[in-house]
Amino acid sequence: LLKSTQQAYGITAKEIFDHISHTDYGYTLSPIMDILKELNLSEALAISDDDTHSLFYVLTNNTCSYGAAAIANPVVLHELREKFKCSLYIFPSSVHEVLLMPVQNIPNAVPNELADMVKEINHNVVGPEEFLSDHVYLYDYEQNCIRTLA
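Residues numbered from 1 in each chain as written. Predicted model: local features only at pLDDT ≥ 70, side-chain atom pairs only at ≥ 80, totals over all residues. Heavy atoms only, no water.

Burial analysis of strand β3 (residues 88–94) places six of its seven residues in the buried class, the great majority of the element. Examined bridge by bridge, β3 and strand β4 (residues 97–102) share six bridges and lie antiparallel to one another. Bridge pairing links Ile90 to Leu100 in β4. Hairpin connection of β3 to β4: two residues between the antiparallel strands. As paired elements, β3 and strand β5 (residues 137–140) share three bridges and run antiparallel to each other. Within β5, the residue paired with Tyr89 across the bridge is Leu138. (Buried < 20%, exposed > 50% of the residue type's maximum accessible area, 1.4 Å probe, protein only. Helix = DSSP H or I, 4+ residues; strand = E, 2+ residues; numbered from the N terminus. Pairing = 2+ DSSP bridges.)

Next up, the structure:
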């Protein structure tokens, strides 16, 4: 959240996080291929189920609007932990969703290369009003926490 927006509304980042992490807006977790099919993009992009079905997952809220905040909800994190039983890369796609990928899907990933990919997409595809972050995050299964990876 932009500092100017925080100042305009007289709210701190901590207050926003506290609100988000204690409010249940409902969320959805979908394989990215399911979303591409819904949008009729899988054929146009020549992507098959074998290529992507379990590679990326999209996490958002039930309205798909400002749903990236779902990743800050402890209940959601607990459910992700139970479902995947492994560490996850978190790619901030926009303020509306985050992309999740089990770490074992790209075991030799170079964090800075992942961050470069996110930056390139953010600067070429995501509008400034929907920009979330140029960083890649890691949900660490062993430590049960999220940290900045790159």
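Attention shifts here to the pattern of salt bridges. Under the criterion given, the structure shown has two salt bridges. The shortest N-O distance in the salt bridge between Lys85 and Glu82 comes to 3.7 Å. Residue classification places Lys85 among the exposed positions, given a relative accessible area of 52%. By relative accessible area, which is 41% here, Glu82 ends up partly exposed. A salt bridge links Asp140 to Arg147, with the nearest nitrogen and oxygen atoms 3.9 Å apart. Residue classification places Asp140 among the buried residues on the basis of a relative accessible area of 13%. (Salt bridge = Lys/Arg side-chain N within 4 Å of Asp/Glu carboxyl O.)

Quick look at helix α6 (residues 111–124) now. Its 14 residues place the ends of α6 20 Å apart at the C-alpha level, agreeing with the 20 Å of an ideal helix rising 1.5 Å per residue. Every buried residue of α6 is accounted for by Leu114, Ala115, Val118 and Asn122. Here the buried residues of α6 occupy an arc of 95 degrees about the axis, which is enough to place them on one side. Looking at α6, the residues exposed on the side facing more than 90 degrees away from the buried face are Asn112, Glu113, Glu120, His123 and Asn124. Residues of α6 that are buried make contact with β3. (Expected span 1.5 Å × (residues − 1). Arc of directions from axis to C-beta. Contact = heavy atoms within 4.5 Å.)

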